[in-house]
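A look at the structure
Take a look at the letters that make up each chain.
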Amino acid sequence: MPTLNDIASKLGISKGTVSKAINGADDISDALRKEVLETAVEMGYSRICVNKKDTKKLVIFIRNMEYLKEEDFGYDIVMGFKKMAVPAGYQVDIVELTKEIEEEYSYEEFMLANNYEGAFVLGFNLFDTWLANFETSHTPLVLFDNMVKGNPFVSCVGVDTIESMEQIISYLFELGHRKIGYLSSELGSYVYQQRHKAFLNTMIHYGLEHSSEYTGSDYDARRCILNHLPRMLELGCSAIVCSHDELAHALLAYCQEQDLRVPEDISVVGIDNLPLSATSNPPLTTIYQDKVQIGRAGYYALSSQFADVHIGTLSLHPQLIIRQSCTYKKEEC
């Protein structure tokens, strides 16, 4: 664990100043205190107690998402949330949610038992037990890439799915692609269902083929490719959109095995801009999601709940990162 001296050295200030900032001394400016706390969180310092008399607690529930290493998808989301919550005086706990916890407690029982004021929920699918609890809960929570309708105490944050797909299809259309396939993980999560729906609606908007033959999904990436890609190629697809980067990376590997050249024979697009997308062969065109901002938005939506401002959905703008996995469609002889 980093020490107060480590934090002080990084910021170029004294250990005493760091200690005062962390412990809420009155003679430290709000701006300096915020900078010290954000740096402490980023460095992994965990003994922060802004108000020892009345510790305020929030929790991040995580399931089906890696977050411990910098290259993990959830790392920056957690960091962005903490950088907002800790300077505001909150202790932030992370709970890797298990079926055992869900069976022992309802959502609100767990929150009450552990004195949590609100929660940020990452990685849930449509079959998680607590999703039914969220429909009627009164303890504020924010879902990432998920949706519970009709409860004002539940907010949702994420990157705009419709805008993401519009950027992808618009770019491929400009490159001359008219037959485009879509490969997805199993449609057992809200975000994959929304990406699938957005793909079909965007294809309709551009007047392109959009039947079910042009889409395919499976939990296993390899099986998804083997079961659906040959059909899409027979239909004349010159570009494939993947529901996430790991699936796109598996597709690039498969194309190499089959002597399919990317992008000369087939263009490939992913979503999420994971670190592997910049180093794949070829580097992957993908949708960038600012994960730090997603975490910050999660805290913003949760703190708005505390102020009786009940945000429904907070959508961030995506950005298409153009790399070498897409090119102009070859002219047919």
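For the structure, check the block above.
Summarised in this report is the structure supplied together with it. (Residues numbered from 1 in each chain as written. Predicted model: local features only at pLDDT ≥ 70, side-chain atom pairs only at ≥ 80, totals over all residues. Heavy atoms only, no water.)

1. Concerning the nonpolar core
Convention followed: To define a nonpolar core, start from buried Ala, Val, Leu, Ile, Met, Phe, Trp, Tyr and Cys residues and group those joined through side-chain atoms within 4.5 Å. For every residue, the accessible area (1.4 Å probe, protein chains only) is compared with the maximum for its type, and the residue is labelled buried under 20%, exposed over 50%, or partly exposed between those bounds.
Formed by 41 residues in total, the largest nonpolar core has its most connected members in I22, I60, F81, F120, L122, F144 and V157. Core analysis: the next-biggest nonpolar cluster, separate from the first, contains 20 residues, L172, I180, L208 and V241 among them.

2. Details of the pairing of strand β3 (residues 118-122)
What counts here: Helix and strand assignments follow DSSP, with helices taken as H or I runs no shorter than four residues and strands as E runs no shorter than two, numbered in order from the N terminus. One bridge is not enough; two strands pair if DSSP finds at least two bridges between them.
Judged by how many residues are buried, β3 sits mostly within the fold: 5 of 5 residues are covered. Of the two faces of β3, the one lined by G118, F120 and L122 and the one lined by A119 and V121 are each fully buried. By the bridge criterion, 5 bridges tie strand β1 (residues 56-62) to β3 in an arrangement that is parallel. The residue bridging I60 from the neighbouring strand is F120, located in β3. By the bridge criterion, 3 bridges tie β3 to strand β4 (residues 141-144) in an arrangement that is parallel. Along β4, the bridge assignment pairs A119 with L141.

3. Observations regarding the environment of L32
Just so we agree on the cut-off: Throughout, a residue-residue contact means that at least one pair of heavy atoms, one from each residue, lies within 4.5 Å.
Tracing the backbone through its elements, the reader meets L32 in helix α3 (residues 30-43). With a relative accessible area of 24%, L32 lands in the partly exposed category. C-alpha of L32 to C-alpha of I13: the two residues are 19 residues apart in sequence and 10 Å apart in space. If sequence neighbours within four positions are ignored, L32 has contacts with I13 and T17.

4. Overview of the layout of surface pockets
What counts, and what does not: The way it works is a 1 Å grid over only the protein atoms, where trapped points that fit a 1.4 Å probe form a cavity and open points with protein on both sides within 12 Å along at least five of seven lines form a pocket, and then any residue with an atom within 4 Å of a point lines it. Grid points are joined across faces, edges and corners, and a volume is the space filled by probe spheres set on the points. Under the convention adopted here, Pro, Cys and the residues Ala, Val, Leu, Ile, Met, Phe, Trp and Tyr are nonpolar, Asp, Glu, Lys and Arg are charged, and Gly plus all remaining residues are polar.
Considered as a void within the structure, the largest pocket measures approximately 990 Å³ in volume. For the lining of the largest pocket, the elements supplying multiple residues, two or more each, are α9 (190-205) and α11 (245-257). Broken down by element, the residue count for the lining of the largest pocket peaks at 3 residues, all from α9. Looking at the lining of the largest pocket residue by residue, the class counts come to 12 nonpolar, 7 polar and 10 charged.

5. So, the packing of helix α10 (residues 221-234) against α11
Here is the rule: Helix axes use the C-alpha atoms of the stretch in contact, all axes being lines fitted to C-alpha atoms, and the angles between their N-to-C directions lie in the range 0 to 180 degrees. By the definition adopted for this analysis, an angle is roughly parallel if under 35 degrees, roughly antiparallel if over 145, roughly perpendicular if from 65 to 115, and oblique otherwise. When the near helix sits turned anticlockwise from the far one by under a right angle, the crossing is termed left-handed; a clockwise turn instead gives a right-handed crossing.
Packing of α10 against α11 leaves a shortest axis separation of 9 Å and a crossing angle of 60°. Between α10 and α11, the interaxial angle falls into the category oblique. Between α10 and α11 lies a crossing of right-handed hand. Together, A221, R222, I225, L226 and L229 of α10 and L247, A250, L251, Y254 and E257 of α11 make up the contact between the two elements. Tallied by class, the residues present in the contact of α10 with α11 amount to 8 nonpolar, no polar and 2 charged.

6. As for the sheet that holds β4
If you trace the 6 strands from one edge of the open sheet to the other, you get β2-β1-β3-β4-β5-β11, paired in parallel fashion. A single partner strand is all that each edge strand has here, and the edge strands are β2 (90-96) and β11 (313-316). Taking each pair of neighbouring strands and ignoring which way they run, the sheet shows an average axis angle of 20°. Examined bridge by bridge, β1 and β2 share 7 bridges and lie parallel to one another. Opposite K57, over in β2, you have Q91 as the bridge partner. Along the sheet face, helix α4 (residues 73-85) touches β1, β2, β3 and β4 and points at about 155° away from the line of β2.

7. Description of α3
Heads up, the rule is: To estimate the expected span of a helix, count its residues, drop one, and scale the result by 1.5 Å.
Counted at 1.5 Å a residue, the expected span for α3 with its 14 residues is 20 Å, and the 20 Å between its end C-alpha atoms agrees. Among the residues of α3, those classed as buried are R33, V36, L37, E38, T39, A40 and V41. Considering only its buried residues, α3 is in contact with α1 (4-11), α2 (15-22), α4 and α13 (291-306). Two residues or fewer after α3 comes G44, characterised by a positive phi angle close to 95°.

8. Focus: the packing of aromatic side chains
Remark: the centre distance and the inter-plane angle together describe each pair of aromatic rings, the angle taken between the planes. The test is simple: Aromatic rings from Phe, Tyr and Trp, with only the six-membered ring used for Trp, were paired whenever their centres fell within 6.5 Å, and each pair was classed as stacked if the ring planes differed by under 30 degrees, edge-to-face if by over 60, and tilted otherwise.
A complete count under the given rule lists 16 aromatic pairs for this structure. Residues F124 and F134 carry aromatic rings whose centres are separated by 5.9 Å and whose planes lie at 25° to one another, so their mutual orientation is stacked. Here F134 lies in helix α7 (residues 130-134) and F124 lies in the loop between β3 and α7, a separation of 10 residues in the sequence. Accessibility assignment for this pair places F124 and F134 in one class, buried.

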